[in-house]
Amino acid sequence: MDRNATRELLYGKLGLLESLPDGVRVAATLEALSTDPETADAFLRGYAELIPSRSIEPAATYFPSWLRALAGTFHHVLASGAGSFPLDPSRWEMMLYKAEGASYASIAFRTDALELEETPQLLSAEQRCEQIDRFYGTLVAPVFRHLADRAGVRTHELWRLAASGLNHTKTFLLQAAERPELRQALEQDFAYAVGEMPGEAVGERRNPMAIRFTYVDSPYEPGTKLPLRGGCCLAFKTEYAKHCYNCPRLKPGERKRMYEELCSARA
């Protein structure tokens, strides 16, 4: 994959930002989001208002689902050797925005320090594991801890939700990978991130993303299965006012009724 194709993958398909989007409500570096209470509170209040939710808790639990661009960019650049990914939280900016006419708010990330190379600079599996420890320990863990603390939720819930998101990001990147060597490196890296990575790397006793997924019937594609989320995103505390179909807290009877309703709506 040449540099132009890599840019299209990162900025066009994964959603990494190159410029300021319209309708920005909160902009902050990951450093500020993980250390400054006023910044974290402004984000939580602003996002809760846009969800909308009277509680700021869902603003924290919804955040991990937006890591696709950040984590996807990191894992692709790392596995492909396509460039140099900045691991300094002061070089990454988080944007909470809602463009005019948009039905929902979005969270995205941008940096001016990502350097893409025409000639891949491949790392060994051991070197990649070291970079994975740094990415999740330096960029992600401090933000999760701070947002969870300010919102009054458990940090582990954010990690479990992040694991669900990584599952989808992995699938996307594997489908986009053109070379067997890249697919192998991606498989190894994601297996490490959600399994073998030590908890100490992210300030926990054990890897909080090392969870086993439960699969249920999909009402969106009958005949297939989809994984339950690793944790509850607290959608029932928003104006949505109920659990998601793939929420692990949903009782079997409730999921069955929701399955039938969703299938009927598609008919």
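Please refer to the structure higher up on the page.
Residues numbered from 1 in each chain as written. Predicted model: local features only at pLDDT ≥ 70, side-chain atom pairs only at ≥ 80, totals over all residues. Heavy atoms only, no water.

A few words on the overall build of the protein. Looking only at helices and strands, the protein has nine helices and seven strands in total. For the protein, buried positions account for 49% of its 267 residues. If you take every contact in the protein between residues at least 6 apart in sequence, the share linking residues at least 24 apart comes to 65%. Put simply, the protein shows about 13,500 Å² of open surface, and 45% of that area lies on carbon and sulfur atoms. Placing the 32 positive and 35 negative side-chain charges of the protein at their respective mean positions leaves the two points 8 Å apart. (Helix = DSSP H or I, 4+ residues; strand = E, 2+ residues; numbered from the N terminus. Buried < 20%, exposed > 50% of the residue type's maximum accessible area, 1.4 Å probe, protein only. Contact = heavy atoms within 4.5 Å. Areas by Shrake-Rupley, 256 points an atom, 1.4 Å probe, with all protein chains shown as cover. Lys, Arg positive; Asp, Glu negative; His and termini not counted. Charge placed at Lys NZ, Arg CZ, Asp CG, Glu CD.)

Within the largest apolar cluster, 73 residues are counted, with the highest numbers of intra-cluster contacts made by Phe43, Phe63, Phe85, Met94, Phe135 and Tyr136. It is helix α6 (residues 125-151) that provides the largest number of residues to this core, a total of eleven residues. Sequence-distant contacts of Tyr136, defined by excluding residues within four places in its chain, comprise Ala71, His75, Ala141, Trp159, Leu166, Ala193, Met197, Val202 and Met209. Val216, Leu226, Leu250 and Met258 belong to the second largest nonpolar core, which has six residues in total. (Core = buried A, V, L, I, M, F, W, Y, C linked by side-chain atoms within 4.5 Å.)

Before going further, it helps to examine the packing of aromatic side chains. In this description, a pair of aromatic rings is defined by centroid distance and the angle of the planes. Following the criterion strictly, the structure yields 13 aromatic pairs and no others. An angle of 80° between the planes, with centres 6.3 Å apart, marks the rings of Phe63 and Phe109 as edge-to-face. Note that Phe63 is positioned in the loop between α4 (57-62) and α5 (68-80) and Phe109 in strand β4 (residues 106-110), a separation of 46 residues in sequence. Judged by its relative accessible area of 2%, Phe63 is buried. Among the residues examined, Phe109 registers a relative accessible area of 0% and is labelled buried. Note on Phe144 and Trp159: the rings are 4.8 Å apart at their centroids and 70° apart in plane angle, and the pair reads as edge-to-face. Taken together, the residues span a long stretch of sequence, with Phe144 in helix α6 and Trp159 in helix α7 (residues 155-176) at a distance of 15 residues. Residue classification places Phe144 among the buried positions, given a relative accessible area of 0%. Overall, the relative accessible area of 1% leaves Trp159 in the buried class. Linked through ring pairs, Phe43, Tyr47, Tyr62, Phe63, Phe109, Phe144 and Trp159 together constitute an aromatic cluster. Note that Arg255 overlies the ring of Tyr245, its terminal NZ or CZ placed 6.0 Å from the centroid. (Phe/Tyr/Trp six-rings, centres within 6.5 Å; stacked < 30°, edge-to-face > 60°. Lys NZ or Arg CZ within 6 Å of the ring centre and 35° of its normal.)

Below, the discussion takes up unusual backbone geometry. Of note, the amide linkage connecting Ile51 to Pro52 takes the cis form, showing an omega dihedral of -5°. Topologically, Pro52 is positioned in the loop between α3 (37-50) and α4. Its identity as a non-glycine residue notwithstanding, Leu234 has a phi of 65°, on the positive side. Mapping Leu234 onto the fold places it in the loop between β7 (225-227) and α9 (252-266). The class for Leu234 is buried, based on a relative accessible area of 7%.

To continue, consider the sheet that holds β4. Here three strands make up an open sheet; going across it, the order is β1-β3-β4 and the pairing antiparallel. Across the chains shown, the open sheet's two edge strands, defined by having one partner strand only, are β1 (24-29) and β4. Across this sheet, the average inter-strand angle for adjacent strands is 20°, counted without regard to direction. For strand β3 (residues 93-97) and β4, the ladder comprises five bridges, and the chain directions are antiparallel. Bridging from a neighbouring strand, Glu93 pairs with Arg110 of β4. Against the sheet, α3 touches β1, β3 and β4, its axis set at about 30° to β3. (Pairing = 2+ DSSP bridges. Axes fitted to C-alpha atoms, helices over the stretch in contact; angles between N-to-C directions.)

As enumerated under the stated definition, the model contains eleven salt bridges in all. Lys225 is the salt-bridge partner of Asp217, the closest N and O atoms lying 2.7 Å from each other. The exposure class assigned to Asp217 is partly exposed, which follows from its relative accessible area of 38%. You can call Lys225 exposed: its relative accessible area is 53%. (Salt bridge = Lys/Arg side-chain N within 4 Å of Asp/Glu carboxyl O.)

So, about the environment of Ala210. As for its position among the elements, Ala210 is in the loop between α8 (180-196) and β6 (215-217). Counting along the chain gives eleven residues from Ala210 to Gly199, while the straight-line C-alpha distance between them is 9.5 Å. Those residues in contact with Ala210 that lie beyond four places of it in its chain are Val194 and Gly195.

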